[in-house]
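Structural description and commentary
Chain by chain, the residues run as shown.
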Amino acid sequence: MQHLGDVWTFGLLAAATQRAPSDVELFARGPHEATRTFELGDASLDEETAFTGELRADADGERVRAHAAIFITRYRDYIFGRLTGASVDETGAPVLPSDPDALDELVYEARDALFYGGEASFEADLLDAGGCTWGVDGRVDWVRARFRNVGGGVERDVPRVTPVRWGGGLFVRSDATRARVGFLRTENQRFAGDGETRTSGFTFVDASLVHTV
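Given the structure is predicted, the values throughout are model-derived calculations rather than measurements.

Reading the values: the criteria
- Every chain is numbered independently, its residues counted from 1 as its sequence is written.
- Whole-chain, interface and lining totals are the exception, using all residues; otherwise, since this is a predicted model, local features are given only for residues with pLDDT of at least 70 and side-chain atom pairs are given and counted only at 80 or more.
- Derived side-chain values reflect all non-hydrogen atoms in the structure, with water molecules and hydrogen atoms excluded from consideration.
- For helices the rule is a DSSP run of H or I covering at least 4 residues; for strands it is a run of E covering at least 2, with both sets numbered from the N terminus onward.
- Atoms considered for the radius of gyration are the C-alpha atoms alone. The globule rule reads 2.2 Å times the number of residues to the power 0.38.
- Relative accessibility under 20% of the residue-type maximum defines a buried residue, over 50% an exposed one, and the middle range a partly exposed one, all with a 1.4 Å probe and only protein chains included.
- By definition in these notes, contact holds between two residues if any of their heavy atoms fall within 4.5 Å.
- Note on areas: Shrake-Rupley, 1.4 Å probe, and residue coverage restricted to the protein chains presented here.
- Charged residues are defined here as Lys and Arg on the positive side and Asp and Glu on the negative side; His and the ends of the chain fall outside this count.
- By convention, the charge on Lys lies at NZ, on Arg at CZ, on Asp at CG and on Glu at CD.

Comments concerning the overall build of the protein chain
Helices and strands together make up the secondary structure of the protein chain, namely 1 helix and 11 strands. From first element to last, N terminus to C terminus, the protein chain shows the α and β order β-β-α-β-β-β-β-β-β-β-β-β. A compact globule built from 213 residues should have a C-alpha radius of gyration of about 17 Å, whereas the protein chain, at 22 Å, is more than 25% larger. If one aligns the C-alpha atoms of the protein chain with their principal axes, the spans along those axes are about 65 × 40 × 35 Å. For the protein chain, with 213 residues in total, the buried portion stands at 31%. Considering only intrachain contacts with a sequence separation of at least 6, the fraction spanning at least 24 residues in the protein chain is 59%. Accessible surface, the protein chain: about 13,200 Å² in total, of which carbon and sulfur atoms supply 56%. Mean positive and mean negative side-chain charge positions of the protein chain (23 and 35 charges, respectively) differ by 5 Å.

Structure (structure tokens):
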């Protein structure tokens with residue numbers, strides 16, 4: 001981390017991490033009703049390795065606080081669930097897609113992948129009145145994820161990746177109370193993985209009130 005004056009801080013992160021496959025990724029064999037899939041694990045999966053680089057900047061002023069970061073992660077043997085395109089029943093036997101009890105077959109496997117993206121957020125105090133501070137905040141984040149070296153060099157999108165999100169809100173705080181009302185917009189996902197359909201965007205609105213006794 002490098003401090004620049006009393007407000008700005010810059011940082012550069014490099015990391016290498018590994019994780020073992022989960023029990024589900026190794027041994028699953030059965031229906032998952034919530035996602036309407038029939039999941040099949042792979043006991044031969046090895047550990048997943050990630051190499052990450054991140055550049056970040058933080059500002060902590062008297063009235064404004066902000067954060068921004070960009071990252072890139074290269075995965076070796078990224079573990080994910082792939083939709084095969086087959087339809088099966090709750091026992092795993094093949095059925096027609098039109099069958100009302102049909103489930104999408106999903107198998108866990110590993111491929112090399114590249115993730116990159118960024119995030120930014122801010123909070124600004126606008127007014128002091130009535131013993132309270134009134135202000136606004138905002139945020140945005142995005143990530144792009146693609147498999148590497150698939151089918152003669154053709155790149156494919158990684159499934160189940162969060163699309164671009166952005167939002168903001170109004171807040172008021174005092175020594176004992178903090179209240180906020182805001183929204184978070186999730187945009188449509190145009191980069192769906194194989195077997196997936198593109199998703200529509202939606203907006204989540206929320207309000208909160210916290211009082212410390």
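That covers the picture; the talk isn't over yet.
Notes on unusual backbone geometry
Residues other than glycine seldom take positive phi values, yet Arg 36 does so here, at roughly 55°. Mapped onto the secondary structure, Arg 36 falls in the loop between β3 (29-32) and β4 (37-40). Note on Arg 36: relative accessible area 34%, which makes it partly exposed.

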